[in-house]
Amino acid sequence: MRILIIDSYDGTKYIKSTTKGNATAVMALTTSLLEEEKAIVISGNCDDFLRKPFTEHSISEALAKYLGVKYLYAKTTALNLDSSEASTLTSEHLTCMS
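These numbers come from a predicted model, not from an experiment. (Residues numbered from 1 in each chain as written. Predicted model: local features only at pLDDT ≥ 70, side-chain atom pairs only at ≥ 80, totals over all residues. Heavy atoms only, no water.)

### Notes on the overall build of the protein chain
(1) Moving on: Within the protein chain one finds four helices and two strands.
(2) Moving on: Ordering the α and β elements of the protein chain from the N terminus gives α-α-β-α-β-α.
(3) Moving on: Across the 98 residues of the protein chain, 18% fall into the buried class.
(4) Moving on: In the protein chain, of all internal contacts separated by at least 6 residues, the share reaching a separation of at least 24 is 24%.
(5) Moving on: Roughly 8500 Å² of accessible area belongs to the protein chain as shown, and the carbon and sulfur atoms make up 59% of that amount. (Helix = DSSP H or I, 4+ residues; strand = E, 2+ residues; numbered from the N terminus. Buried < 20%, exposed > 50% of the residue type's maximum accessible area, 1.4 Å probe, protein only. Contact = heavy atoms within 4.5 Å. Areas by Shrake-Rupley, 256 points an atom, 1.4 Å probe, with all protein chains shown as cover.)

This is the structure we're talking about:
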């Protein structure tokens, strides 16, 4: 909640005071572990609050919530980590890299 020129509380207050800014979702990202901090941030004109360490999934959920986006996920196959072949790294495994 701190930036170089002004603090983020003043920044979000300014953003939310404009017509377009009022319709803009503002999310706070913090390292704070205190639950009280969440209430302070939300009351400071932020729409939501995420704590570090955050996951890709939590960011995606927030974007879906506030922007109305929907995601299509490709199916992936699980690696077989039990085989001894999967645990041996060879130069052939690295050929996909430039």
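Now that the structure has been shown, the text picks up again.
### Remarks on helix α1 (residues 8-17)
(1) Moving on: Within α1, the full set of buried residues consists of Ser8, Gly11, Thr12 and Lys16. Taken down its axis, α1 places every buried residue within 125° of arc, on the same side. Of the residues in α1, the exposed ones pointing more than 90 degrees away from the buried face are Lys13, Tyr14 and Ser17.
(2) Moving on: Looking at the buried residues of α1, the elements they touch are α2 (19-22). (Arc of directions from axis to C-beta.)

### Regarding a nonpolar patch on the surface
(1) Moving on: The grouping of Leu29, Phe54, Ile59, Leu63, Leu67, Val69, Tyr71 and Tyr73 at the surface amounts to a nonpolar patch, some 730 Å² of accessible area in total.
(2) Moving on: The dominant element in the nonpolar patch, judged by the number of residues it contributes, is helix α4 (residues 56-67), at three residues.
(3) Moving on: Among the structural elements, Leu67 can be located in helix α4.
(4) Moving on: You can call Leu67 exposed: its relative accessible area is 58%. (Patch = residues over 30% accessible without salt bridge, like charges linked within 9 Å, V, L, I, M, F, W, Y side chains within 5 Å. Salt bridge = Lys/Arg side-chain N within 4 Å of Asp/Glu carboxyl O.)

### What about the environment of Asn45?
(1) Moving on: Its location among the elements puts Asn45 in the loop between α3 (35-43) and β2 (48-51).
(2) Moving on: Taking C-alpha positions, Asn45 is 6.9 Å from Lys16, a pair spaced 29 residues apart along the chain.
(3) Moving on: Those residues in contact with Asn45 that lie beyond four places of it in its chain are Thr12, Lys13, Lys16 and Val26.

### A short note on the packing of aromatic side chains
(1) Moving on: Using the criterion set out here, one finds one aromatic pair in the structure.
(2) Moving on: For the pair Tyr71 and Tyr73, a centre-to-centre distance of 6.1 Å together with 35° between the ring planes defines the contact as tilted.
(3) Moving on: Taking relative accessible area as the criterion, Tyr73 reaches 62% and is therefore assigned exposed. (Phe/Tyr/Trp six-rings, centres within 6.5 Å; stacked < 30°, edge-to-face > 60°.)

### Observations concerning the pattern of salt bridges
(1) Moving on: Inspection of every chain in the model, using the stated rule, returns two salt bridges.
(2) Moving on: Lys16 is paired through a salt bridge with Asp47; the nearest N and O atoms lie 2.8 Å apart. Within this pair, whereas Lys16 is found in helix α1, its partner Asp47 is found in the loop between α3 and β2, the two being separated by 31 residues in sequence.
(3) Moving on: Take Asp47: its relative accessible area is 30%, and that puts it in the partly exposed class.
(4) Moving on: Here Lys65 makes a salt bridge to Asp48, at a shortest N to O gap of 3.7 Å. In this pair, Lys65 sits in helix α4 while Asp48 sits in strand β2, placing the two residues 17 residues apart along the sequence.
(5) Moving on: Owing to a relative accessible area of 15%, Asp48 belongs among the buried residues under this scheme.

The quantities given are spatial measurements derived from coordinates; they are silent on function.
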